[in-house]
Each structure stands twice: as C-alpha cells, then as structure tokens.
Amino acid sequence: MKKSTRWIIGGGATVALLAGGGGVALAVNADSEDDRPDVALTGDALEQASDAALSHVGGGAVTDSEVGDEEGAYEVEVTLDDGSEVDVHLDEGFTVLGDERDGGERDGDESDERDEQVTGRDRDEAAAAALEAAGGGTVTEVEIADDGDTGYEAEVQLDDGTVVEVVLDGDFTVTAVQNHDD
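Since the structure is predicted, the reported quantities are computational estimates derived from the model, not experimental observations.

Draft legend 1. Examining the side chain of Thr140 more closely. For Thr140, the position within the fold is in strand 5 (residues 138-144). Once residues lying within four places of it in the same chain are set aside, the contact partners of Thr140 are Ser55, His56, Val57, Gly58, Arg123, Glu155 and Gln157.

See below:
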C-alpha cells in the first residue's frame, strides 16, 4: 500500500508541476504585444486623438484607433482621400509622435520609397520655422529632406487651401518656400 501511495502522490505532484508550468507559459504568452487584443479609443480620448491625427495629416477619415500602441500611448488610423492609410502615433497628451503611411501614392510620387517623417523636438522646430516663413496656416507634415541634403521639408496648408513646401537646412533655417504643385 505504501508503494502505491507514493506513486499516486508522485504522479499528482508531477501533474501539478506540469500544469503550473503550462500556466506560466500561458501567462508569458498573454503578455506578448501581438497576443493582446486591440482596445479602441472611446469618448473624449477618441475625439482628442482623432482631432490631433486629422490635423497632422491634413484631413481624411478616422477608420480605427488603438490604446497602448507599441510606438506610443495611442494610434489612430486615418484613410486619406486617395485611399491610402496613415497610422498616427500619439503620446498620453495627444501630441503626435510620428506616423506610418501604408501603401498608396503620395504627392504624385510613384516610387515605393516612404519619406521619413520627423517627430519630437525637431518636428516642432521645423514646423515653427515653416509656419513663420509661410505666414501662417497648418503644418500637415515634416519629413527628412529627400534630395540627399541634411535638412527638412515641411508641408504647410494655408488658410486659403493652398499648400506650400518649406525647405529648411539642418539648423532649421528656411532655404526655400515654394508652391507644392511646382
């Protein structure tokens, strides 16, 4: 009887250990970013995030949102008039950290290269200089200059709807202001 009791207790301990190990594996997997379900923004948070995202990209329609995005506190997906999508990443205060553009053609550029968007303090400084040079309006994007030079290109939509491109050097000095269609 003693031998069978040991086998039962030993077998039970083994089952408990395996079950516990499986529980740890499940807990580790549940914490993985990819396995967590997306949680959509609602209420005032959705409204503030949507306003910031739409202002950043210059219009479109908000088609999705997410709390706890890997690039920031929030992510707002905007579908532009040309059908392309932009994921705008925001911090807890609804300040734009950056964006990712998903496919679609941009600004008549048929290449598959995406322009590198500027975020943080550099974006703020470039945007302020661009707004001053353009005489007001709304900065819709700031990107690294694509002509190989060190610097930035800012797109500004003026109050009359006209869009101008402001080119800045690496020190945020304006080197050119031109109509976006040129």
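This is not the end of the story, as more comes after the structure.
Draft legend 2. View of the sheet that holds strand 8 (residues 174-179). Judged by pairing direction, the sheet is antiparallel, and its 4 strands sit side by side in the order 5-6-7-8 without closing on themselves. At either margin of the open sheet sits one strand with a lone partner, and together these are strand 5 and strand 8. Looking at each pair of strands side by side, their axes are set apart by 20° on average, direction ignored. Note that strand 7 (residues 163-169) and strand 8 share 5 bridges and pair antiparallel. By the bridge assignment, Val166 is partnered in strand 8 with Val177. Along the sheet, helix 3 (residues 120-134) contacts strand 5, strand 6 (151-157), strand 7 and strand 8; its crossing angle with strand 5, the most-contacted strand, is approximately 125°.

Draft legend 3. Here's a closer look at the sheet that holds strand 3 (residues 85-90). What the 4 strands build is an open sheet, ordered 1-2-3-4; its pairing is antiparallel. Edge positions in the sheet fall to strand 1 (61-67) and strand 4 (96-102), since each of these pairs with one other strand and no more. Averaged over neighbouring strand pairs, the angle between their axes works out to 20° when direction is ignored. In this structure, strand 2 (residues 74-79) lies alongside strand 3, joined through 6 bridges in antiparallel fashion. Along strand 3, the bridge assignment pairs Glu77 with Asp87.

Draft legend 4. Local environment of helix 2 (residues 43-57). End to end, helix 2 covers 21 Å across 15 residues, agreeing with the expected 21 Å (1.5 Å per residue, within 8%). Along helix 2, the residues classified as buried are Ala49, Ser50, Ala52, Ala53, His56 and Val57. For helix 2, the angular spread of the buried residues around the axis is 170°, confining them to a single face. Opposite its buried face, helix 2 presents the exposed residues Gly43 and Asp44, each directed more than 90 degrees away. Buried residues in helix 2 make contact with strand 1, strand 2, strand 3, strand 4, helix 3 and strand 5. Note on helix 2: the residue one or two positions beyond its end, Gly58, has a positive phi of about 85°.

Draft legend 5. Structural view of the environment of Ala133. Mapped onto the elements of the fold, Ala133 is located in helix 3. With a relative accessible area of 36%, Ala133 lands in the partly exposed category. C-alpha of Ala133 to C-alpha of Val156: the two residues are 23 residues apart in sequence and 9.9 Å apart in space.

About the thresholds
- Residues numbered from 1 in each chain as written.
- Predicted model: local features only at pLDDT ≥ 70, side-chain atom pairs only at ≥ 80, totals over all residues.
- Heavy atoms only, no water.
- Helix = DSSP H or I, 4+ residues; strand = E, 2+ residues; numbered from the N terminus.
- Contact = heavy atoms within 4.5 Å.
- Pairing = 2+ DSSP bridges.
- Axes fitted to C-alpha atoms, helices over the stretch in contact; angles between N-to-C directions.
- Expected span 1.5 Å × (residues − 1).
- Buried < 20%, exposed > 50% of the residue type's maximum accessible area, 1.4 Å probe, protein only.
- Arc of directions from axis to C-beta.

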